[in-house]
Amino acid sequence: MNNNDENPNPMPIFHGSSQRASYAEQLVERYKGNPLIEALPPIRSPQEAAQIMSYYPERQPNSHRLPPEIRMHLIMDAVHFIQPFPVHIDLEQRISRVIRDPYTGRNPMARDHWQDLDQRVDTIIRAGGIPLRSSNVIGFSVIGLPGVGKTTGVERVLQTYPQVIHHQSYKGQPFCRTQLVWLKLTCPHDGSIKGLCLDFFKDVDSLLGTHHSRDYAYTGKRPRTVDELIPGMCRVGWIHCLGLLVVDELQHLNQANSGGEKRMLNFFLQLMNNLGVPVILIGTNAAMEILTRELRQIRRSCGQGDLVWDRMANDEVWRLFVESLWRYEFTKLQTPLSQDLSDVLFEESAGIVDFAVKLFLLAQVRAISTGIEKITTAIIRSVAKDSLRLAQPALSAIRTGDMRAVAGMTDLHPIDFESAVQQIRKKALLQQLSPGSQVASDINKGAVQPTTPLPDAVAPTVESMNSAHPASERTNVKRQRKKMAGQSKCLLSQVAAAGLSKGQSAHSALSAAGLIKPLSEFNGSPSPA
């Protein structure tokens, strides 16, 4: 995208809740008499913050006894649970201070509020403008490896605050104002300032039902220039009392055109110094060079200090995480969490939460699909070998502590979860269609029944698990595969022919035999809403 193009593909929007203002007495003296602060939720203790941020999907009674295809959906609960850690409490307390403190210099009940706005915007428009006052606005950066939980953590804290507050009156005086407490944007892939500004106006309009894109972003059908967009963005932020701007994927500034990253970072500095809007920047380690090169001024003004979100250590916090994760084990044979299972999961995921959760899910998919119905260290290692191939160099460097190698990494290859599930299910389904399986036996008897899971005695078809079975057993599996390759089409024809002889369509016969399933079942996850 260049500066003359529109933004046809805006980044995904993260929205929060909306509510009417309800004012509470403040214990901090400088917060008193300011409706923007008094309408916020109360300042929380660490215990209260942990309780409001946690989320544990309720587990159905006796869910491990449900059919395999149902349990394939239930395992996705592990993706949605949230277990707060000390880093989440730290983040919640930082954001609590960052939102409130800058509002003290932007009290809408002050007489010079609107005049102050015009002066501040004029300062931004003037080249080389000097801030009106020495700003005490504080922001910070959240930097860490992909998958450690940075974005999820920030979003979870933001969700504890209403995003929009509607004011009607304050202390008996008319006060009709819509307060935008926070706004989260994603840095465009090409680091375009214009793309970020256009996303800002579209997001605000989507939230508030306004027409700021028409008034500030476009001249007719063409977008305005960056020099015109930035003052308009600042004015809209002031009008709606924007309390906090969060910009994710900061590393995309590496893709900016010449000088683009410096211009955008200077823009963030202007927001903080001239308008009093704090900015939180989120990025991977690839953003570290940008921050150290271009954000020296902002870093000096960051009273909160930057938050480096590291991978987890194999300690009591990791154990708490794994114990919470293990609640969502849906294999038929319940496996108590052992130290060996915890250690293997840590080793294979290198303490990165996203990898750990997905490996746990894939281990269940493999255990259920193959009929083993039990999570073992061998299964965890096998799915790690199959599904983390691209990430292995990076994970190996992290495990060995080779900081030079880690510093050179711009990203980690994530698990293509849907593809991994599909591969596991494909192998298991082909095994179920092989001669001698329950499906083939039912067809030979003339009884068409839904597919059933393999018995525990049947060896899994995964190559990486072959070492766990005797050589003679592996030879039998290979022979079955060869036979299956030449006979699977014949098997489908037999089912269709049997159905036609009974007056059924081929599709109905294949469906009744369990050979045609919804795509979501083969993926092992529910269809997207």
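Above: the structure in question.
Since the model is a prediction, treat every value here as computed from it, not as a measurement.

This paragraph deals with the pairing of strand 4 (residues 173–180). The sheet contact formed by strand 3 (residues 164–170) and strand 4 spans six bridges and is antiparallel. Across the sheet, the residue bridging to His167 is Arg177, located in strand 4. Two successive antiparallel strands, strand 3 and strand 4, enclose a turn made up of two residues, where Lys171 displays a positive phi of approximately 55 degrees.

Turning our eyes to something else, we now look at helix 18 (residues 392–400). An α-helix turns once every 3.6 residues. As a result, residues three or four positions apart point the same way. Here helix 18 has its buried residues at Ala394, Leu395, Ala397 and Ile398. Viewed end-on, helix 18 has its buried residues packed into an arc of 160 degrees, placing them on one side of the element. Those residues of helix 18 that are exposed and aimed more than 90 degrees away from the buried face are Pro393 and Thr400.

One can describe the packing of helix 5 (residues 86–103) onto helix 7 (residues 150–158) by two numbers: an axis separation of 10 Å at closest approach and a directional angle of 50 degrees. It follows from the interaxial angle that helix 5 and helix 7 lie oblique. In this structure, the crossing between helix 5 and helix 7 has a hand that is right-handed. Listed contacts from helix 7 to His88, Leu91, Glu92 and Ile95 of helix 5 are Gly153, Val154 and Val157. Taken together, the residues of the contact of helix 5 with helix 7 break down into four nonpolar, two polar and one charged.

The subject of this paragraph is the packing of aromatic side chains. Applying the stated criterion to the full structure yields 10 aromatic pairs. Taking 5.7 Å as the distance between ring centres and 35 degrees as the angle between the ring planes, the aromatic pair formed by Phe81 and Tyr328 counts as tilted. Taken together, the residues span a long stretch of sequence, with Phe81 in the loop between helix 4 (77–80) and helix 5 and Tyr328 in the loop between helix 14 (316–325) and helix 15 (339–349) at a distance of 247 residues. Residue class for Tyr328 comes out buried when judged on its relative accessible area of 1%. Through a chain of ring-to-ring contacts, three or more aromatic side chains come together here, namely Phe81, Phe85, Trp318, Phe321, Tyr328 and Phe346.

Rules used throughout
Residues numbered from 1 in each chain as written. Predicted model: local features only at pLDDT ≥ 70, side-chain atom pairs only at ≥ 80, totals over all residues. Heavy atoms only, no water. Pairing = 2+ DSSP bridges. Helix = DSSP H or I, 4+ residues; strand = E, 2+ residues; numbered from the N terminus. Buried < 20%, exposed > 50% of the residue type's maximum accessible area, 1.4 Å probe, protein only. Arc of directions from axis to C-beta. Axes fitted to C-alpha atoms, helices over the stretch in contact; angles between N-to-C directions. Parallel < 35°, antiparallel > 145°, perpendicular 65-115°, else oblique. Left-handed = near helix turned anticlockwise from the far one by under 90°. Contact = heavy atoms within 4.5 Å. Nonpolar A, V, L, I, M, F, W, Y, C, P; charged D, E, K, R; others polar. Phe/Tyr/Trp six-rings, centres within 6.5 Å; stacked < 30°, edge-to-face > 60°.

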